[in-house]
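Take a look at the letters that make up each chain.
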Amino acid sequence: MRYEIRVDGHMSETLAKAFPELDHVVMSGQTVLFGPVVDEAHLYGLLARCRSLGLRVVEMRQLPE
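The numbers attached to residues start from 1 for each chain and follow its sequence in the written order. The model is predicted, so local features are restricted to residues of pLDDT at least 70 and side-chain atom pairs to those at 80 or more, both for listing and for counting; the totals for chains, interfaces and linings are taken over all residues. Only hydrogens and water are removed before side-chain values are computed, so all heavy atoms of the structure are retained for them.

An unreviewed UniProt entry annotates the protein as BON domain-containing protein originating from Streptomyces dengpaensis.

Below, the structure written as structure tokens:
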């Protein structure tokens, strides 16, 4: 499955490297992380990583295959 996670603001390249399994783009004042998510545990791990880095998640959704 693939997911998209939108966080508020522009993430630096250094910060984006904390998510090596995801690609990212910046658009409209948000950073969009997207890519494959192995399972539910991986998804919760990504959200925990966002929280530990002080990122504010504004949207998360599963992408069509």
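Anyway, onward from the coordinates.
## Here we look at the pattern of salt bridges
Defined as follows: Within this document, salt bridges are pairs made up of a side-chain nitrogen of Lys or Arg and a carboxyl oxygen of Asp or Glu, the two lying within 4 Å of each other. Runs of H or I in DSSP of at least four residues are treated as helices and runs of E of at least two as strands, each being numbered from the N terminus. Residue burial is assigned from relative accessible area. The probe radius is 1.4 Å, only protein chains are included, and a residue is buried under 20% of its type maximum, exposed over 50%, and partly exposed in between.
Counted under the stated rule, the structure contains five salt bridges. The salt bridge involving Arg61 is made with Glu4; its shortest N-O contact spans 3.3 Å. One end of the pair, Arg61, is in strand β4 (residues 57–63); the other, Glu4, is in strand β1 (residues 2–8), with 57 residues separating them in the sequence. With a shortest N-O distance of 3.1 Å, Glu21 and Arg49 are connected by a salt bridge. Here Glu21, found in the loop between α1 (13–16) and β2 (23–27), pairs with Arg49, found in helix α2 (residues 40–52); they are 28 residues apart in sequence, far enough to count as distant. Residue Glu21 is classed as partly exposed on the basis of its relative accessible area, which comes to 28%. Three or more residues joined by partner-sharing salt bridges are found here, namely Glu4, Arg6, Glu59 and Arg61.

## Observations regarding the side chain of Arg6
Rule in force here: Contacts are assigned to residue pairs that have any heavy atoms within 4.5 Å of one another.
Considering the arrangement of structural elements, one finds Arg6 in strand β1. If we ignore the near neighbours within four places in the chain, the residues touching Arg6 are Met27, Gln30, Thr31, Val32, Arg56, Val57, Val58 and Glu59.

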